[in-house]
Amino acid sequence: MSDIEYKLRARSKWDWRSFDTVRMEISIGQPYHEGAKLALAMNWARENFRRVVVIIGDSPQRYNLMFRTGFAETNAERLARGAGDAWIERNQILLHGIEITRWNEWKADLAYLPNRAAISQLYQANAEFRQSIHGAIQEFIERRSMGENDRKRFFVLSEQYLLEETAVFATAYGALGGISAYPGDFLKLWEMFIDLDDPSIPVGLTKAHCVRLAFNRMKLAA
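So, how was this worked out
Residues numbered from 1 in each chain as written. Predicted model: local features only at pLDDT ≥ 70, side-chain atom pairs only at ≥ 80, totals over all residues. Heavy atoms only, no water. Helix = DSSP H or I, 4+ residues; strand = E, 2+ residues; numbered from the N terminus. Rg over C-alpha atoms; globule rule 2.2 N^0.38 Å. Buried < 20%, exposed > 50% of the residue type's maximum accessible area, 1.4 Å probe, protein only. Contact = heavy atoms within 4.5 Å. Areas by Shrake-Rupley, 256 points an atom, 1.4 Å probe, with all protein chains shown as cover. Lys, Arg positive; Asp, Glu negative; His and termini not counted. Charge placed at Lys NZ, Arg CZ, Asp CG, Glu CD. Expected span 1.5 Å × (residues − 1). Arc of directions from axis to C-beta. 1 Å grid on protein atoms, 1.4 Å probe; cavity = no way out; pocket = protein on both sides within 12 Å on 5 of 7 lines; lining within 4 Å. Points joined across faces, edges and corners; volume = space filled by probe spheres on them. Salt bridge = Lys/Arg side-chain N within 4 Å of Asp/Glu carboxyl O. Axes fitted to C-alpha atoms, helices over the stretch in contact; angles between N-to-C directions. Parallel < 35°, antiparallel > 145°, perpendicular 65-115°, else oblique. Left-handed = near helix turned anticlockwise from the far one by under 90°. Nonpolar A, V, L, I, M, F, W, Y, C, P; charged D, E, K, R; others polar. Phe/Tyr/Trp six-rings, centres within 6.5 Å; stacked < 30°, edge-to-face > 60°.

*Asks:* What am I meant to see in the overall build of the protein chain here?
*Replies:* If you tally the helices and strands in the protein chain, you get 7 helices and 6 strands. Secondary structure elements of the protein chain occur, N-terminal to C-terminal, as β-β-α-β-α-α-β-α-α-α-α-β-β. Taking 17 Å as the expected radius of gyration for a compact globule of 222 residues, we find that the protein chain reaches 18 Å, a close match to that expectation. Taken over 222 residues, the protein chain has a buried fraction of 45%. Counted over contacts in the protein chain with a minimum sequence separation of 6, partners at least 24 positions apart contribute 78%. Surface exposure of the protein chain reaches about 11800 Å², of which carbon and sulfur atoms provide 50%. Of the side-chain charges in the protein chain, 29 are positive and 28 negative, and the distance between the mean point of each set is 4 Å.

As C-alpha cells, this is what we get:
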C-alpha cells in the first residue's frame, strides 16, 4: 500500500509575503478544512505571518441547512453553531496559539450593521457586484439537479448568505487588515473592490486581498 500526502502551494496576484497578518477563513463541513490539509494550512500560516486569525464560518451554514432540511432559521442556526463547536474541539491541537474568531462575534461588532446596510445599497446600485453574486449562485445551481421551485428557493437563500458573508468579511477585514488565505476562489466576489477609494464601499472590502491555497497530492512509496 501507499499513503497520500499533500504539498501546499500559495498563489496570489499580490505579494502575500508583504503582509504580517493572515485571515484563515474556515468553511465548516468542507474536507479541505479538516485533517492533513488543515494541518498544512495552519503550519504554513504560522511559518509565514506574525499574526494568524481564524474566522470560523459556522453560523452561515444555517442557510444550507434551511435549504436541505426545511428547518426554521433558529433550529438551523443552533445546529450550525454546534458544528462550529465540534470543529474547534477536534482541532484544538492544530489551533494552538492561533487567534480564533467566530461568525457571530463579527455580526455583534459595531461596524457590522452599517456595513450590512452599505452592502445592501451597493448590491442595488453596483451592477458588477450584483452580477458577480448572481453568477456565483447560478454556477452552483447548474452543477446540481434542481426543480424550478428548489432553484428559486436556493437563489433566495444563497443571496442572503452571500450578502451576510460580504458584510461579515467587510467588518473583519476592516478590523484586522492583512490578507485572506483560502483553498478556493470564492474571494473573487470582492476582488473588484480591492484598493478602491470610494466612500460608498465599506473600507474592509478594499482590503479583500487574498491568496489561494492549493493542495497537491504526493504518493509515497510503501
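Having seen the structure, we can now continue with the description.
*Asks:* Would you mind showing me how to read helix 3 (residues 73–90) here?
*Replies:* Between its first and last C-alpha atoms helix 3 spans 26 Å; for 18 residues at 1.5 Å apiece the expected length is 26 Å, and the two agree. If you check which residues of helix 3 are buried, you get Ala76, Glu77, Ala80, Gly84, Trp87 and Ile88. Take helix 3 and look down its axis: the buried residues cluster within an arc of 115 degrees, on one side only. What points out from helix 3, more than 90 degrees from its buried face, is the exposed set Thr74, Arg78 and Glu89. Taken together, the buried residues of helix 3 touch strand 2 (21–27), helix 1 (35–48), strand 3 (51–57), helix 2 (61–69), strand 4 (99–102) and helix 4 (103–107).

*Asks:* Looking at this structure, how should I read empty space enclosed by the protein?
*Replies:* Regions of empty space are outlined by a rolling probe, equal in size to a water molecule, passed over the atoms. Within this structure, the stated rule accounts for 1 cavity of 30 Å³ or more. If you trace the largest cavity, you find it lined by Met24, Glu25, Ile26, His33, Leu38, Ala41, Met42, Ala181, Pro183 and Leu213. Breaking the lining of the largest cavity down by element, the ones donating at least two residues are strand 2 and helix 1.

*Asks:* Where do I start with the pattern of salt bridges in this structure?
*Replies:* Side chains bearing opposite charge may pair, as long as their charged atoms lie close to each other. In the structure shown here, the tally under the stated rule is 12 salt bridges. The shortest N-O distance in the salt bridge between Glu99 and Arg51 comes to 2.8 Å. Placement of the pair is Glu99 in strand 4 and Arg51 in strand 3, with a sequence separation of 48 residues. For Lys107, the salt bridge identified is with Glu164, shortest N-O distance 3.6 Å. Of this pair, Lys107 sits in helix 4 while Glu164 sits in helix 7 (residues 148–176), and the two are 57 residues apart along the sequence. Taking relative accessible area as the criterion, Glu164 reaches 3% and is therefore assigned buried. Here the residues in one salt-bridge network are Arg62, Glu73, Glu77, Lys107 and Glu164, joined through shared partners.

*Asks:* When you look at the packing of helix 6 (residues 127–142) against helix 7 in this model, what are you seeing that I'm missing?
*Replies:* When two helices pack together, their arrangement is captured by the angle between the axes and the distance separating the axes. Between helix 6 and helix 7, whose axes approach to 10 Å, the crossing angle comes to 130 degrees. In terms of orientation, helix 6 and helix 7 fall into the oblique class. Relative to helix 7, the crossing made by helix 6 is right-handed. Judged by residue contacts, Phe129, Ile133, His134, Ile137, Gln138, Phe140 and Ile141 of helix 6 engage Arg151, Phe154, Phe155, Ser158, Glu159, Leu162, Leu163 and Thr166 from helix 7. Along the lines of polarity and charge, the residues of the contact of helix 6 with helix 7 split into 9 nonpolar, 4 polar and 2 charged.

*Asks:* So what exactly am I meant to see when it comes to helix 2 here?
*Replies:* One turn of an α-helix holds 3.6 residues; hence residues three or four places apart share an orientation. Within helix 2, burial applies to Gln61, Arg62, Tyr63, Leu65, Met66 and Phe67. Gly70 sits one or two positions beyond helix 2 and adopts a positive phi of about 80 degrees.

*Asks:* Just checking my understanding: could you explain the packing of aromatic side chains for this structure?
*Replies:* For any pair of aromatic rings, the description rests on two quantities: the centre-to-centre distance and the angle between the ring planes. Under the definition given, this model contains 12 aromatic pairs. Ring geometry for Tyr32 versus Tyr182: centroids 5.8 Å apart, planes at 80 degrees, classification edge-to-face. Placement of the pair is Tyr32 in the loop between strand 2 and helix 1 and Tyr182 in strand 5 (residues 179–182), with a sequence separation of 150 residues. A relative accessible area of 18% places Tyr32 in the buried class. Residues Trp103 and Phe169 carry aromatic rings whose centres are separated by 5.5 Å and whose planes lie at 80 degrees to one another, so their mutual orientation is edge-to-face.

This is a description of form; function is not addressed.
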